[in-house]
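# An overview of the molecular structure
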Amino acid sequence: MYITYKYSFLYDYVNNLSYLSLFSHFIVFSFSHFLLTTPICLSSIQFFNFLLCFFFIMEEAKVLEAKEGTISVASASPDHQEAVQDRDHKFLTQAIGEAYKGVECKDGRPFGAVVVRNDEVIVSCHNMVLRNTDPTAHAEVTAIREACKKLNRIELSDCEMYASCEPCPMCFGAIHLSRIKKLVYGAKAEAAVAIGFDSFIADALRGTGFYQKANLEIKQADGTVAVIAEQVFEKTKEKFTLY
């Protein structure tokens, strides 16, 4: 699982030291030691300007540190973050719409999933357990099946999934096996448990550590869209029976 963090000049840099890899510690502090011990003729103004530039560069990047130790750098400017959030909201809103659609059509439970590749929706699906008489036809599994058929391959490593709710262990297993590179979900599993869905789902997710072991970026969407996703359950619970 990726851990995302951001530097905000010296104050945030110090506060975030615990997240740095040992290699990052070595580079930063060795270079600082070199500056302090090497007889280079720098005026106080030049030295101050250097520090300012150094921390400005750090501010303009965020580091994604994978479990295996690989590090990639991406822009962390406010504009970039806003663009990412808007994109997430766009596709997650479509997944939420599928959750409503599945219940209205009586195809299944209130869950939706969308598979995206290069900013294009490949498939948009909902839970089909009733329509297919198949307890495994969850929205995420259905979306993976349909995406694989459409792309004529069994791995989706260049695709992302947007799910209206945090996937159950079965769906997460399918997501992992399909090699989907990123998962963004709306409601937490507990929101489904609150209206009667099996608490095993949330318990299993919280106890197995599957997310931490997978080389996959996973996050809950920011802002009000997560709340909107949770409202799906409250608004649809009277329209279907669980078992």
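So, a few notes on the structure that sits alongside this text. (Residues numbered from 1 in each chain as written. Predicted model: local features only at pLDDT ≥ 70, side-chain atom pairs only at ≥ 80, totals over all residues. Heavy atoms only, no water.)

## Looking at the packing of helix H5 (residues 139–151) against helix H6 (residues 169–178)
- Running from N to C, H5 and H6 point in directions that differ by 25 degrees, and their axes come no closer than 8 Å. Our classification of the angle between H5 and H6 gives roughly parallel. Our pair here, H5 against H6, has a crossing hand that is left-handed. Where H5 abuts H6, its residues Glu140, Val141 and Ile144 lie against Met170, Cys171, Ala174, Ile175 and Ser178.
- A per-class count over the contact of H5 with H6 returns 6 nonpolar, 1 polar and 1 charged. (Axes fitted to C-alpha atoms, helices over the stretch in contact; angles between N-to-C directions. Helix = DSSP H or I, 4+ residues; strand = E, 2+ residues; numbered from the N terminus. Parallel < 35°, antiparallel > 145°, perpendicular 65-115°, else oblique. Left-handed = near helix turned anticlockwise from the far one by under 90°. Contact = heavy atoms within 4.5 Å. Nonpolar A, V, L, I, M, F, W, Y, C, P; charged D, E, K, R; others polar.)

## Observations concerning unusual backbone geometry
- One non-glycine residue with positive phi stands out, namely Lys106, at about 60 degrees.
- For Lys106, the position within the fold is in the loop between helix H4 (78–104) and strand S4 (112–117).
- Looking at Lys106, the relative accessible area reads 60%, which means it is exposed.
- The residue Thr133 is not glycine, and still its phi comes out positive at about 50 degrees.
- Mapped onto the elements, Thr133 comes out in the loop between strand S5 (120–126) and H5. (Buried < 20%, exposed > 50% of the residue type's maximum accessible area, 1.4 Å probe, protein only.)

## Side note on the environment of Thr136
- Structurally, Thr136 is set in the loop between S5 and H5.
- By relative accessible area, Thr136 is classed as partly exposed at 29%.
- For the pair Thr136 and Cys171, spaced 35 residues apart in sequence, the C-alpha separation works out to 8.7 Å.
- Excluding its chain neighbours within four sequence positions, the residues that come into contact with Thr136 are Val141, Arg145 and Met170.
- Within polar-contact distance, the side chain of Thr136 engages the side chain of Asp134 at 2.7 Å. (Polar contact = N/O pair within 3.5 Å; in protein donor to acceptor, adjacent residues only side chain to side chain.)

## A look at the side chain of Asn127
- Mapped onto the elements of the fold, Asn127 is located in the loop between S5 and H5.
- Here Arg109 takes part through its backbone nitrogen, which lies 3.1 Å from a polar atom of the side chain of Asn127.
- Engagement of the side chain of Asn127 in a polar contact is seen with the backbone nitrogen of Val129, the distance being 3.1 Å.
- The residues touching Asn127, leaving out its near neighbours within four places in the chain, are Asp107, Gly108, Arg109, Phe111, Ala137, His138 and Ala139.

## Topic: the packing of H4 against helix H10 (residues 224–236)
- Relative to each other, H4 and H10 sit at 0 degrees, their axes nearing to 10 Å. By the angle class used here, H4 and H10 are roughly parallel. Here His89, Leu92, Thr93, Ile96, Ala99, Tyr100 and Val103 of H4 lie close against H10, whose contacting residues are Val225, Ile228, Ala229, Gln231, Val232, Lys235 and Thr236.
- Class assignment of the residues belonging to the contact of H4 with H10 gives a composition of 9 nonpolar, 4 polar and 1 charged.

## Quick notes on the pairing of S4
- Of all 6 residues in S4, 5 are buried, a share of seventy percent or more.
- Pairing of S4 with S5 involves 6 bridges; the strand directions are antiparallel. Bridged to Val116 within S5 is Val121.
- The turn joining S4 and S5, which pair antiparallel and follow one another in sequence, is formed by 2 residues; a positive phi near 55 degrees is taken by Asn118.
- In the sheet, S4 pairs with strand S6 (residues 160–165) via 4 bridges, with the strands oriented antiparallel. Within S6, the residue paired with Val114 across the bridge is Tyr162. (Pairing = 2+ DSSP bridges.)

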